[in-house]
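Overview (structure and organization)
In case you want the letters, here they are:
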Amino acid sequence: MRNLLQDVRFGGRLLRRSPGFTAVAVVTLALGIAVNTTVFGWVDTVLLRPIPGARDSDRLAVLENVTPAGDFIRVSYPDYRDYRDNLRLVSGIMGLFGTGLRVGGDEDGQEIRGELVTGNYFTLLGVEPLVGRFFLPEEGADPPAFHPVAVISERLWRQRFGSDPGVAGRTLLVNRRPLTIIGVAPPGFHGSGTGLLHDLWAPLTLIHHLNRSTPGMLASRSTRNQDVFVRLQPEVTLEQARAEVAALAARLQAAHPRTNAGLGAVLVPVAEGHHSGAQALLRRPLLILLAVCVMVLLIVCANVANLLLARATARQREFGIRLALGAGRRRLTAQLLTETCLLVGAGAALALLLTPWLAGSLTGLLPANNFPLRFETGISARLLLWTLALCAGTVLIAGLAPLACSLRPDLVETLKEGARGETSGGRSHRLRGLLVVVEVALAMVALTGAGLFAKSFQAALATHPGFRTDGLLVAHFNLANTGRPVEQQYAFCRRLRERMEARPEVAGAAYADIAPLGFDGGPWQDIEVEGYMPRQGENMKLYRSLVAPGYFELLGIPLLDGRDFTEEDGREAPPVMIVNQAFAKRFFGGGNPIGRKVRSWGRWHTVVGLARNARYHEPAGTREPYFYVPFRQAFSTGLNTAFFVRARGNLDEAATALRREAAAIDPSAAVLDAIPLSEHIGQALYPLKVAATLLGVLSALAVLLAGVGLYSLMAYAVSRRTHEFGVRMALGARPRSLILMVLRQGMALTLAGLAAGAVISVALARVAAGILVDVSAAGPATFAAAAAFLAGVATLSGFLPTRRAAHVDPMIAIRCE
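Residues numbered from 1 in each chain as written. Predicted model: local features only at pLDDT ≥ 70, side-chain atom pairs only at ≥ 80, totals over all residues. Heavy atoms only, no water.

**Some details on the overall build of the protein**
Our working definition: Put simply, DSSP marks the helices as runs of H or I at least four residues long and the strands as runs of E at least two long, and each gets a number from the N terminus on. Exposure categories follow from relative accessible area, calculated using a 1.4 Å probe and restricted to protein chains: below 20% of the type maximum is buried, above 50% is exposed, and the middle band is partly exposed.
The number of helices and strands found in the protein is 26 helices and 24 strands. Classification of the 817 residues of the protein by burial places 55% in the buried group.

**Quick look at a positive patch on the surface**
Counted only if it meets this: Patch membership needs two things, relative accessible area over 30% and no salt bridge, and members are linked within 9 Å if like-charged or within 5 Å if nonpolar (Val, Leu, Ile, Met, Phe, Trp, Tyr). In this description, accessible areas are obtained by the Shrake-Rupley approach with a 1.4 Å probe, and a residue is regarded as covered only by the protein chains that are shown. Whenever Lys or Arg places a side-chain nitrogen within 4 Å of a carboxyl oxygen from Asp or Glu, that contact is recorded as a salt bridge. Asp and Glu count as negative and Lys and Arg as positive, but His and the ends of the chain are not part of the count. Charged side chains are reduced to one point each, which is NZ for Lys, CZ for Arg, CG for Asp and CD for Glu.
Taken together, the side chains of R9, R13, R16 and R17 make up a positively charged region of the molecular surface. Following the sequence through the fold, R9 ends up in helix 1 (residues 2–17).

**Re the pattern of salt bridges**
Here the structure, examined in full by the defined rule, presents 20 salt bridges. In this structure, D79 and R224 form a salt bridge, with 2.7 Å as the shortest nitrogen-oxygen distance. A residue pair is termed long-range when its members are at least 10 positions apart, and D79 in helix 3 (residues 77–86) and R224 in strand 11 (residues 224–232) qualify at 145 residues. Owing to a relative accessible area of 8%, R224 belongs among the buried residues under this scheme. In this structure, D164 engages R170 in a salt bridge whose closest nitrogen and oxygen atoms are separated by 3.1 Å. The class for D164 is partly exposed, based on a relative accessible area of 26%.

**Overview of the environment of W601**
Along the chain, the position of W601 falls in the loop between strand 20 (597–600) and strand 21 (603–611). On the basis of relative accessibility, which here comes to 32%, the residue W601 falls in the partly exposed class.

**Some thoughts on the nonpolar core**
The nonpolar side chains of a soluble globular protein tend to be buried, and buried together. Formally: As used here, the term nonpolar core means buried Ala, Val, Leu, Ile, Met, Phe, Trp, Tyr and Cys residues forming a set that is joined through side-chain atoms within 4.5 Å. Every residue pair with non-hydrogen atoms within 4.5 Å of one another is taken to be in contact.
Counting residues in hydrophobic clusters, the biggest one holds 74 residues, and the most contacted among them are I33, L289, V296 and L343. Within the residue set of this core, elements represented by two or more residues are helix 2 (19–48), helix 9 (279–313), helix 11 (329–359), helix 13 (381–406), helix 15 (426–462), helix 22 (686–720), helix 24 (735–767) and helix 25 (780–806). For I33, the contacting residues outside a window of four places in its chain are L297, V344, G347, A348, A351, T387, L390 and C391. In this structure, Y532, V579, A584 and L610 belong to the second largest nonpolar core, which totals 46 residues.

**Thoughts on unusual backbone geometry**
Residue P144 follows P143 across a cis peptide bond; omega there is 15°. Here P144 is to be found in the loop between strand 6 (131–132) and strand 7 (149–152). Within the chain, N175 stands out as a residue other than glycine whose phi angle is a positive 50°. Position of N175 relative to the elements: it lies in the loop between strand 8 (171–174) and strand 9 (177–184). Phi is positive for R176, close to 70°, though the residue is something other than glycine. Assignment of secondary structure puts R176 in the loop between strand 8 and strand 9. A relative accessible area of 33% places R176 in the partly exposed class.

**Some words on a nonpolar patch on the surface**
The grouping of V27, L31, L350 and L353 at the surface amounts to a nonpolar patch, some 340 Å² of accessible area in total. Of all the secondary structure elements, the ones that give two or more residues to the nonpolar patch are helix 2 and helix 11.

**Digging into the pairing of strand 8**
Note the following rule: A pair of strands is treated as paired once DSSP finds two or more bridges between them.
On strand 8, burial follows the alternation: L172 and V174 on one face are buried, whereas T171 and L173 on the facing-out side are not. The pairing of strand 8 with strand 9 spans four bridges and is classified as antiparallel. Paired with L173 across the strands is P178, a residue of strand 9. Counted between consecutive antiparallel strands, the loop separating strand 8 from strand 9 contains two residues, among which N175 sits at a positive phi close to 50°.

**Some points on the packing of helix 3 against helix 7 (residues 238–255)**
Using the following cut-off: Note on geometry: axes are lines fitted to C-alpha atoms, helical ones only across the stretch in contact, with angles between N-to-C directions running from 0 to 180 degrees. Oblique is the label for every angle not falling under 35 degrees (roughly parallel), over 145 degrees (roughly antiparallel), or within 65 to 115 degrees (roughly perpendicular). The crossing is said to be left-handed when, going from far helix to near helix, the turn is anticlockwise and less than a right angle, and right-handed when the turn is clockwise.
Interhelical geometry of helix 3 versus helix 7 gives an angle of 130° and a closest axis separation of 11 Å. The angle between the axes of helix 3 and helix 7 places the two elements in the oblique class. Crossing hand, helix 3 versus helix 7: right-handed. Residues D79, D82, Y83 and N86 of helix 3 form the contact with helix 7, whose own contacting residues are E244, V245, L248, A249 and L252.

**Considerations on the packing of aromatic side chains**
The description of an aromatic ring pair uses the distance of the two centres, along with the angle that the planes make with each other. Threshold: Centre distance within 6.5 Å is the pairing criterion for rings of Phe, Tyr and Trp, where only the six-membered ring of Trp is used; planes under 30 degrees apart are then read as stacked, over 60 as edge-to-face, and the remainder as tilted. Here, a charge over a ring is recorded when the distance from Lys NZ or Arg CZ to the ring centre is within 6 Å and its angle to the ring normal is within 35 degrees.
Here the structure, examined in full by the defined rule, presents 27 aromatic pairs. Measuring from ring centre to ring centre gives 4.9 Å for Y121 and F122, while their planes differ by 85°; the resulting arrangement is edge-to-face. With respect to burial, Y121 and F122 carry one shared label: buried. Taken together, the aromatic side chains of Y551, F552, F565, Y616, Y626, Y628 and F644 make up a single cluster linked through ring pairs. A cation over an aromatic ring shows up here: R632 above the ring of Y490, its NZ or CZ 4.6 Å from the ring centre.

**Description of the confidence of the model for the protein**
Inclusion rule: Confidence of the predictor at the level of single residues is given by pLDDT, which spans 0 to 100.
A residue-level look at the protein finds 82% of positions with pLDDT of 70 or above and a mean pLDDT of 81. Contacts from residues 417–424, a stretch scored under 50 in pLDDT, to residues over four places away or in other chains number 19 contacts.

**Notes on helix 7**
Put simply, the rule reads: For a helix, the expected span equals 1.5 Å multiplied by the residue count minus one. The arc in question is the one spanned by the directions pointing from the helix axis to the C-beta atoms.
Look at helix 7: 26 Å from first C-alpha to last across 18 residues, which is about the 26 Å you get at 1.5 Å a residue. By the burial criterion, the buried members of helix 7 are A241, E244, V245, L248, A249 and L252. Down the axis of helix 7, the smallest arc covering the buried residues is 140°, so these residues share one side. Residues of helix 7 that are exposed and point over 90 degrees away from its buried face: E239 and A254. Looking at the buried positions of helix 7, the neighbouring elements they touch are strand 1 (60–66), helix 3, strand 11, helix 8 (257–260) and strand 12 (264–269).

**With respect to the packing of helix 16 (residues 486–501) against helix 20 (residues 651–665)**
Definition in use: Residue type decides the class: Asp, Glu, Lys and Arg count as charged, Ala, Val, Leu, Ile, Met, Phe, Trp, Tyr, Cys and Pro as nonpolar, and the leftover types, Gly among them, as polar.
Viewed as axis vectors pointing N to C, helix 16 and helix 20 meet at an angle of 135°, and their least axial separation amounts to 10 Å. Taken together, the axes of helix 16 and helix 20 are oblique relative to one another. As helix 16 runs across helix 20, the sense of the crossing is right-handed. Packed against helix 16, whose contacting residues are F492, R495, L496, R499 and M500, the element helix 20 presents A654, A657, L658, E661, A662, A664 and I665 at the interface. Across the contact of helix 16 with helix 20, the residue classes break down as nine nonpolar, no polar and three charged.

**Remarks on helix 18 (residues 581–588)**
Of the positions making up helix 18, those classed as buried are A582, F583, A584, F587 and F588. Looking at the packing, one finds that the buried side of helix 18 touches strand 16 (528–529), strand 17 (541–547), strand 19 (576–580), strand 20, strand 21 and strand 22 (627–630). G589 lies just past helix 18 and shows a positive phi near 65°.

**Quick look at the environment of G166**
Mapped onto the elements, G166 comes out in the loop between helix 5 (154–161) and strand 8. Sequence spacing of G166 and G183 is 17 residues, and the spatial spacing of their C-alpha atoms is 9.8 Å.

**A word on the side chain of D199**
Just so we agree on the cut-off: Polar contacts here mean pairs of N or O atoms no more than 3.5 Å apart (in protein, one a potential hydrogen donor and the other a potential acceptor; neighbouring residues in sequence count only if both atoms are side-chain atoms).
You can see D199 is positioned in the loop between strand 9 and strand 10 (200–203). Residue classification places D199 among the buried positions, given a relative accessible area of 3%. At 2.6 Å, the side chain of D199 and the side chain of R155 are in polar contact. Ignoring any residue separated from it by four or fewer positions in sequence, one finds D199 in contact with I112, R113, V151, I152, S153, R155 and L156.

Structural data, given as structure tokens:
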């Protein structure tokens, strides 16, 4: 301990004597550690700890249905009940339905996100109440059980009830329905949706009571809207439970061929769920970012190692004398590692101050909408452990190189080098060159990745979605939250359209149950096409939209044949449908679809129109079969309404008018958001935007660090050759020839790094090819641009110190020893 304290004091004095060296090293380390800690915090929240507050979350899994086409979809309540009653390798299974809710009255109403859950929800997750209690078994029983009770989040408890400890037993209006509060969830628990904030939980059997949904929704085996979670029995593996689930799904297919034919089921870890949170959006971008962050940290380590190596070679004579006087190599090793630890510790402390600020950038990239994505930005125990592991790895990587060259066995040679002042040494110079090659290679990988994702993001932005976005405003209403019957909800939409179209600043209006290219894939429906025989295992579950008359004209989606919907296409009128080109090609062989019959919602619909293909889920996805049904004929659940307005001028004025007219018709019908449609479709680009933006920042940091590393190497090498330059110039060498000589040496290192980086980049780009849009993973343009840019940085890094040294007076340079 005494030696350690001495080493700390001695190392501290040395670092204080070299403030420039210390500042550069600490800031470099802080940047490298901060970006790694920040991205790990995101990975921890989304992938490693997807349900904060849950007990033993690694024993939880998500049960999802799998369509014949391989799509993962939610589970129906009757299927959930069959899984609940027959699975034996799980200790519990619960279902839930996530939805928007409105708490409070017209004057103090607030839009929140909630979950309608089965009674064992909190028990299965292992969450204990902060205040009151959670649901009793009878409160979560199957329909027709009716218990108007609710659990609220600690956040809502603070906001609306001032943290009143006697909140249990009080009444809260939820979608105009009174619910009795029975408990408060603990702080830090926000529900089962990864990265989502939920503030209220109520029994699933209240779904019709709160959302005015179809009364038979929980009895319908074809209505698949439940997220289902299971907790594995002790000692049961995920693969064993998967086999049981798959076998039960096969039995359900045989027992219910009309609704379950070809429908499999699978268990996946919570972090790999496709519907229960943000992980499906962010899994691959975050893993790519984490890999790039590790590369940035390696560049940082190489930079610091170069700085320490230069510092250590300048102390060769000191080390040689200490070894000659009997100091043990272990003692000197401890001293050098202590100095490295002091630098890394200071960098880590600064990094922890930067991390909370950097952590908000993930939500800062969110498009402007009401989607409640949230990511924890605090310093947790896991984050601290990760930071300590980074520090330990950094100390080893950055500190080994100086150790290898400082404690050389040949003491006589060491003392001779120190006496001559030639402190660089051949071994240390070669090692510093190798470190620079590594830095350039890693910077090449980061810059190439950023270039590919930036091009992909721009290509996605430039891709025409198949509909117009200019001058269009989209707003969302959760009309179920008004507590109004379905007929009144529909009347609200119709009246709002009429009032908006009467305004001079509005050119047109329409509405649908979903806006294209959002976070959610949208609703789908089982179909049957008259005269079409599905292939074995063919997926007959297609995405669709309920639209009002004038929707196609307003969004600029051409009708290639047939007619648009009209107000006469009401609930009592014959069911009709409009299909897109991909639908007609798949089911009618590209022939005329007008007059053909398609069965959905238990009724046969006549195709009355053919619409041009548009993009619905991904900005550059494949043209998939899609169909439209009149809003009035199928609108029944009232869960969501997207309202479109085409403005004649300023969109902000149209948004203000929309809010005013909506409030005049029904004060409880709050506008959740009112944004340009061009901004809304940015939701579909969120994963690409995250990857492109943050990779761009990281690659810029990597290039900067590589440039600093190369500059420091060249500056140090040139400073040690000042005497040589003086002799050469005295013998007639021109400054230009000296500059070219040094640049050739620097470019040799750079080219070696670029070659290694290009090979690594090609391999990694192929891994990321799945999320690139209209960009070849092996396209030469991006690689050539990255290489040219890095070569320019390397040339500048070598030119500046060499030019300065080459213009020093030869007599002064000769005297430099």
